[in-house]
Amino acid sequence: MAEHGSDEPSSRTGSPDGEGRVSADRPLLHQRLAVRELIDTELSYLHMLRLCASDIRSRLQQLPQGDLDVLFSNIDDVIQVNSRFLHDLQETASREEEQVQLIGNLFLEFQEELERVYKVYCASYDQALLLVETYRKEPELQREVQSIIEAVVPQAGPSGLSFLLVIPLQRITKYPLLLQKILENTAPDASAYPVLQRAVSALQDVNTNINEYKRRKEVGKDLGNLGAISLGTWAWAYCSPLSQRGYSQLLQMSLSSQTEDKEFDDLEERFHWVSLCVTEMKNNVAVYRDNLEAFLRFRPQEYDLDIPGGPVVQYCSLMRDLQLQAFPQFKQRLEGLVWQPLCSLAKALAGPQNLIKKRLDKLLDFERVEEKLLEVGSVTYEEQEARHTFQALNSLLVAELPQLNQLAVRWLGQILCTFVGLQRDLAQQALQMAEGSLAQLPHYHLSEPAFRKLVEDTLGQTGHQLRSFQENFEKVLPPPTTQPLLPGAERQVQALLSRYGPEKLYQVTSNVSGAGTLDLTLLRGQIVALLQNKDTKGNSSRWLVDTGGHRGYVPAGKLELYRVIPSQEEVKGQEWPHKDSRHLTPEPTPAPVPSVPAVTQAVAVYPFVARSSHEVSLQAGQLVTVLEAQDKKGNPEWSLVEVNEQRGYVPSSFLARAPGPAPWGWSLPS
């Protein structure tokens, strides 16, 4: 024992060269141990992931599929990335001298992929824990889950699912520590040292970005419920806290914000234009659908044109086939492939629009906290939370708006292409159906130039005949006669007469089909009251009339003054309030006219585009509810209105009063 003890010091001390060699080999030994720890733990970690994805997930079939998707999230993507990472990591062992540098380069190479898959898993981790907590409240289900976990992974213990779910989070946070241990045992002058430094920094950035992504998702989840709330309800809740700070302060800060964010401003402007394009196209398609409905109701082939044989019979046959086959199919495809996707796109843009408005609200708090931070140097916990909320919300919008804008533009482009394709298919189908009829026409075999000349000559000759007929007709045109009243219209005429007087009453000479938003659809013989003999643009060919319930424009050429014939009894003594008494119906007394309630409805005469969050956009002809005929300062030039469940200010000069209910076609389709 003594001899062995006497030999031990000599073996430890030895020569000075031996001591230096042992001291130099110690960091290298620790470095190799750190590398071995990285590879071994990666192998064990990947084995645990595969157990979760295969054995455990397959045995938890008593849980709903939705729960399994939340619990295991994108674990398959994590396994795929880490499998390739482990394979390349093990390959570095064959080049021992360059292994450390290769490991650093490997982490730099997998940086983006690791961040991509782990940020998704980490973002859903909290929701998975909530599910685990709900299982613990059901003892029988908890026992089944726990028995499965213990059978596959005994080391999980009583933690069960929680032990397994947290493993990926622990692994991604441990990568920088493992690299740091390798870096600490690498000589600063070694070629691998700067590579390891960059790798450590890169993995730290990965964890920082994951935390930021998780925070943005939490903020987006908290604020995302705004998309499910109606815009009117949201606007009311949104404007209430701002009104307490003062309308003037909101106006000033929204017009000239202290915080400038060029990137966000550009994204918001593009999003605004995309939303405007979607709205405009939706309105245009709505008008197109209305016109298509009117066209389908017009069926000239069902009338006896008193023209025997010839092209008229072929035309009627063709139109009958188109009405029964081509047009109904086109209408159905238009509804499913254009209108419904367009409505879905407009609805999808409502949520991001709410978040953009919410950001403006948070911007006010952020700027106030920033000013306090500069002046005082410290803020409260609540103020710091408000500051972080704005930053997270701003980061979320800056990160998501580019993809949203791109997707919306692509979606809108697909809808436009589909709309054009439907038109082309309809034209091709009509030509195919007309091919048999066209072959029977006398000009079928004519060349294109000859056919054009034939059409021009025919149109010229027909036009000359039409003008001659018109001239002759005007010469022998009998004086206008009063058309008989429509059945049941006496009460309505009595009401119009008592309200406007006989000099304002006109009768419709022929059926009127409203084509525009403000145009009325009237029947021949209907009585209306003239309100204005021109429209808002000064066009005297369109008159504003009142039917007794609806108001709108009709062509002036289809109206003639209604001649009321006085009765003998009224001539003897009775008089109407405005002028002499008139006899319309055999009824002894006219029906009382219901009083019009206080005017709270108005019609947008001109379109208006909101420029800030306290204003609302209008479409020409849109029906709105006037809440206040002035702003907060009593300025009558601005009115507070509610339209489409949104509240905001619009110029008062853009509105026209609408005391009656909205007429046909005044409100835009939803």
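Look a little higher up for the structure.
Residues numbered from 1 in each chain as written. Predicted model: local features only at pLDDT ≥ 70, side-chain atom pairs only at ≥ 80, totals over all residues. Heavy atoms only, no water.

1. A closer look at the overall build of the protein chain
Each helix and strand in the protein chain was counted, giving 20 helices and 10 strands. Taken across its 670 residues, the protein chain has 38% of its residues classed as buried. Considering only contacts within the protein chain whose residues lie at least 6 apart along the sequence, 69% involve residues at least 24 apart. (Helix = DSSP H or I, 4+ residues; strand = E, 2+ residues; numbered from the N terminus. Buried < 20%, exposed > 50% of the residue type's maximum accessible area, 1.4 Å probe, protein only. Contact = heavy atoms within 4.5 Å.)

2. With respect to the packing of aromatic side chains
By the definition in use, this model includes 12 aromatic pairs. Ring plane angle 75° and centroid distance 5.4 Å describe the contact between Phe85 and Phe110, whose orientation is recorded as edge-to-face. Residue Phe85 is located in helix H4 (residues 75-91), and its partner Phe110 is located in the loop between helix H5 (99-109) and helix H6 (111-123); the two are separated by 25 residues in the primary sequence. The pair formed by Phe85 and Phe110 is uniform in burial state, with each residue classed as buried. Relative to Phe419, the ring of Tyr288 has its centre 5.2 Å away and its plane inclined at 85°; by these criteria the two rings are edge-to-face. (Phe/Tyr/Trp six-rings, centres within 6.5 Å; stacked < 30°, edge-to-face > 60°.)

3. Remarks on the nonpolar core
Judged by nonpolar contacts, the single largest core of 66 residues is most densely connected at Ile56, Leu60, Leu71, Phe107, Tyr118 and Tyr175. No other element matches the 12 residues that helix H2 (residues 16-59) contributes to this core. Apart from the residues lying within four places of it in its own chain, the contact partners of Leu60 are Leu68, Phe72, Val145, Ile148 and Leu161. One finds Leu267, Leu397, Leu401 and Leu422 within the second-largest nonpolar core, a separate group that totals 36 residues. (Core = buried A, V, L, I, M, F, W, Y, C linked by side-chain atoms within 4.5 Å.)

4. Quick notes on empty space enclosed by the protein
Rolling a probe over the atoms, with the probe sized like a water molecule, indicates the empty space that remains. Under the criterion given, the structure shown has four cavities of 30 Å³ or more. In this structure, the largest cavity encloses a volume near 50 Å³. Along the walls of the largest cavity sit Val132, Tyr135, Arg136, Gln142, Val145, Gln146, Ser159, Gly160 and Leu161, which together make up its complete lining. At the level of elements, helix H7 (125-136) and helix H8 (139-152) are the ones that each hand at least two residues to the lining of the largest cavity. Counted by class, the lining of the largest cavity contains four nonpolar, four polar and one charged residues. (1 Å grid on protein atoms, 1.4 Å probe; cavity = no way out; pocket = protein on both sides within 12 Å on 5 of 7 lines; lining within 4 Å. Points joined across faces, edges and corners; volume = space filled by probe spheres on them. Nonpolar A, V, L, I, M, F, W, Y, C, P; charged D, E, K, R; others polar.)

5. Brief notes about the sheet that holds strand E8 (residues 638-643)
Across the sheet, which stays open at both edges, the five strands sit in the order E9-E8-E7-E6-E10 with antiparallel pairing between neighbours. This sheet does not close on itself; its edge strands, each paired only once, are strand E9 (646-651) and strand E10 (655-657). Averaged over all pairs of adjacent strands, the angle between their axes in this sheet comes to 45°, without regard to strand direction. Here E8 pairs with E9 via six bridges, running antiparallel. Bridging across to E9, Ser639 finds its partner in Val650. (Pairing = 2+ DSSP bridges. Axes fitted to C-alpha atoms, helices over the stretch in contact; angles between N-to-C directions.)

6. Some words on the pairing of strand E1 (residues 505-508)
Alternating residues of E1 divide into Leu505 and Gln507 and Tyr506 and Val508, and every residue in both groups is buried. When E1 meets strand E2 (residues 527-532), the two strands line up antiparallel, connected through three bridges. Considered in E2, the bridge of Gln507 is made with Ile527. Across three bridges, the pairing between E1 and strand E5 (residues 559-561) is antiparallel. The partner of Gln507 across the bridge, within E5, is Glu560.

7. Digging into unusual backbone geometry
Backbone geometry at Ser73 places phi at a positive 45°, although glycine is not the residue there. The partly exposed category is assigned to Ser73, whose relative accessible area is 25%. Phi angles above zero are rare outside glycine, and Asn644 is one such case at about 55°.

8. Concerning the sheet that holds E2
Taken in spatial order, the five strands make up an open sheet running E4-E3-E2-E1-E5, and their pairing is antiparallel. Sheet topology places strand E4 (551-555) and E5 at the edges, where each strand pairs with a single neighbour. Strand-to-strand twist in this sheet, taken as the mean axis angle between neighbours without regard to direction, amounts to 50°. Across three bridges, the pairing between E2 and strand E3 (residues 542-546) is antiparallel. From the neighbouring strand, Leu530 faces E3, where its bridge partner is Val545. Contacts from helix H19 (residues 490-500) reach E1, E2, E3 and E4, with the element oriented near 30° to E2.

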